[in-house]
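Close look at the chain arrangement
Chain by chain, the residues:
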Amino acid sequence: RDKLWIHAAAKQSSTAEISAIEENYREIRGNDVEFPEYYPSSAIIGCVFVEDVLPFFENDEENGSEYLFVCKDARTLPVPIKAKGQHKIWKLDKNTHATVLDQIG
């Protein structure tokens with residue numbers, strides 16, 4: 001398996017959406033969680049290492065995927081890289097790939 005780059009969507013989330021998600025996360029992880037000051041959009045923001053891909057049999061409309069990605073070693077880029085996203089999973093162009101690799105070492 002290999003790295004999977006994480007891209008923030010172009011649509012900006014509303015303050016209410018962000019607050020609801022952060023509150024939900026606090027309920028799971030507790031109140032000691034630190035959240036970012038801002039949430040970038042239309043940018044590559046980090047990567048994970050895909051350890052395995054499993055069939056996902058439960059019909060989950062929110063997920064909308066037939067697969068479950070087992071990931072580890074999440075890394076955040078020091079500086080998000082502006083990039084136009086595509087639907088679902090796609091290959092990064094060579095220049096963008098070189099730029100993100102430079103950031104994570």
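Look up: the structure comes first, before these words.
Given the structure is predicted, the values throughout are model-derived calculations rather than measurements.

The rules we used
Residues numbered from 1 in each chain as written. Predicted model: local features only at pLDDT ≥ 70, side-chain atom pairs only at ≥ 80, totals over all residues. Heavy atoms only, no water. Helix = DSSP H or I, 4+ residues; strand = E, 2+ residues; numbered from the N terminus. Contact = heavy atoms within 4.5 Å. Pairing = 2+ DSSP bridges. Core = buried A, V, L, I, M, F, W, Y, C linked by side-chain atoms within 4.5 Å. Buried < 20%, exposed > 50% of the residue type's maximum accessible area, 1.4 Å probe, protein only.

**Concerning the environment of C71**
- Along the chain, C71 turns up in strand β3 (residues 67-82).
- Apart from the residues lying within four places of it in its own chain, the contact partners of C71 are V48, F49, V50 and E51.

**Considerations on the pairing of strand β2 (residues 43-55)**
- Inspection of the sheet shows strand β1 (residues 3-8) paired to β2 by six bridges, in the antiparallel sense. Across the sheet, the residue bridging to K3 is F49, located in β2.
- The pairing of β2 with β3 spans ten bridges and is antiparallel. By the bridge assignment, G46 is partnered in β3 with T76.

**Quick notes on the nonpolar core**
- The biggest cluster of nonpolar side chains holds eight residues, and these are W5, I44, C47, L77, I81, A83, V100 and I104.
- Of all the elements in the fold, those that place two or more residues in this core are β2, β3 and α2 (94-104).
- Discounting chain neighbours no more than four positions away, the residues touching I81 are S42, A43, I44, T96, T99, V100 and Q103.

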